[in-house]
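Observations on chain architecture
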Amino acid sequence: TANSLGPVEYDGNPKTVELMIQDLERFYNEGDTRPWQHGGGLWGAPTDKVYYISPLDAPVECHCEYCKPLMDWEGPRLGIASRVVGEFVAKMGREIEKRWPGKMVAFLPYSNYTLPPEGVEFPDNVVASICLMRGAANAKEPAIAAEHDAMIAGWLKLTKNRPVRLWEY
């Protein structure tokens, strides 16, 4: 399974969603782009239709009291942080749906949160663009092709059969 954890009463630090929603409110109300400025330009800034969730190009690891119970250190490498990141994306999606109906949340599952998280329910405004971590050339191998097919099927189910976009190296 993508996450072998049982039910937990934590779902990540609630302050994170609160602060990011405040950034979005300032963006949509005042045009404040500061949270998305990196290296002299804008990176992943919201648009009038889409808010992007793509953590930095590194594995997600958190040991705080809120996230630690959601990290699956015993599970598959591509799913260690799937639940903690998935819960965050679901919360952001619900808040964005309430405040800005019609805006989509484009989530980029990658690294140790590539596998679809179990026990998470995404709202209707979340779409996934998954990174097939092993690359296209390796998909000729039956085991890799089956892994990719399972990931795609899992994300289709989680996003209620909305198109799942693929990207890879």
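It should be noted that the structure appears before, not after, this text.
This write-up is about the structure you can find in this document. (Residues numbered from 1 in each chain as written. Predicted model: local features only at pLDDT ≥ 70, side-chain atom pairs only at ≥ 80, totals over all residues. Heavy atoms only, no water.)

Some details on the overall build of the protein
Quick note on the threshold: Secondary structure elements follow DSSP: runs of H or I of four or more residues count as helices, runs of E of two or more count as strands, with numbering from the N terminus. Partly exposed residues are those whose accessible area sits between 20% and 50% of the maximum for their type, while under 20% is buried and over 50% is exposed, using a 1.4 Å probe and protein chains only. Contacts were defined at the residue level, with two residues in contact if any of their heavy atoms lie within 4.5 Å. What sets the accessible areas is the Shrake-Rupley method with a 1.4 Å probe; for residues, cover comes only from the shown protein chains. Neither His nor the chain ends is counted toward charge; the positive residues are Lys and Arg and the negative residues Asp and Glu. Throughout, a charge is located at the NZ atom of Lys, the CZ atom of Arg, the CG atom of Asp or the CD atom of Glu.
On a plain count of helices and strands, the protein comes out with three helices and six strands. When its helices and strands are written in sequence order, the protein yields α-β-β-β-α-β-β-α-β. Structurally, the protein occupies a C-alpha span of about 50 × 35 × 30 Å along its principal axes. Looking at the protein as a whole, 43% of its 169 residues are labelled buried. In the protein, the share of contacts with a sequence separation of at least 24, taken over all contacts with a separation of at least 6, comes to 69%. Approximately 9,200 Å² of the protein is accessible, and the part contributed by carbon and sulfur atoms is 55%. The protein carries 18 positive and 23 negative side-chain charges, and their two centres are separated by 3 Å.

Concerning the packing of aromatic side chains
Put simply, the rule is: Between rings of Phe, Tyr and Trp, where Trp is taken as its six-membered ring, a pair exists when centres lie within 6.5 Å; planes separated by under 30 degrees are stacked, by over 60 edge-to-face, and by other angles tilted. Two thresholds decide whether a charge sits over a ring: the Lys NZ or Arg CZ must be within 6 Å of the ring centre and within 35 degrees of the ring normal.
Evaluation of the coordinates by the stated rule reveals eight aromatic pairs. An angle of 90 degrees between the planes, with centres 6.4 Å apart, marks the rings of Phe107 and Phe122 as edge-to-face. Here Phe107 is found in strand E4 (residues 104-107), whereas its partner Phe122 is found in the loop between E4 and strand E5 (126-131), with 15 residues between them in sequence. Accessibility assignment for this pair places Phe107 and Phe122 in one class, buried. Among the aromatic residues, ring-to-ring pairing joins Phe27, Tyr28, Trp36 and Trp100 into one connected group. Between the NZ or CZ atom of Lys103 and the centre of the ring of Tyr28, over which it lies, the distance is 4.6 Å.

Quick look at unusual backbone geometry
Within the chain, Ser111 stands out as a residue other than glycine whose phi angle is a positive 50 degrees. On the secondary structure map, Ser111 appears in the loop between E4 and E5. With a phi close to 65 degrees, Asn161 is a non-glycine residue in the positive phi region. Mapped onto the elements of the fold, Asn161 is located in the loop between helix H3 (142-158) and strand E6 (165-167). Overall, the relative accessible area of 63% leaves Asn161 in the exposed class.

Considerations on the environment of Arg77
Counting through the fold element by element, Arg77 comes out in the loop between strand E3 (50-53) and helix H2 (82-99). Relative accessible area serves as the criterion here: at 53%, Arg77 is assigned to the exposed category. Each C-alpha atom of the pair Arg77 and Ser111 lies 8.3 Å from the other, and the pair is 34 residues apart in sequence. In this structure, Arg77 is in contact with Asn112 and Arg134, ignoring residues within four places of it in sequence.

Focus on the pattern of salt bridges
Cut-off, in case you're wondering: A side-chain nitrogen of Lys or Arg and a carboxyl oxygen of Asp or Glu constitute a salt bridge if their distance falls within 4 Å.
Within this structure, the stated rule accounts for 11 salt bridges. Taking the shortest distance from any N to any O, the salt bridge between Glu95 and Lys98 comes out at 3.0 Å. Here Glu95 and its partner Lys98 are both found in helix H2, three residues apart, which amounts to about one turn of the helix. Taking the shortest distance from any N to any O, the salt bridge between Lys140 and Glu141 comes out at 3.5 Å. With relative accessibility at 62%, the residue Lys140 sits in the exposed group.

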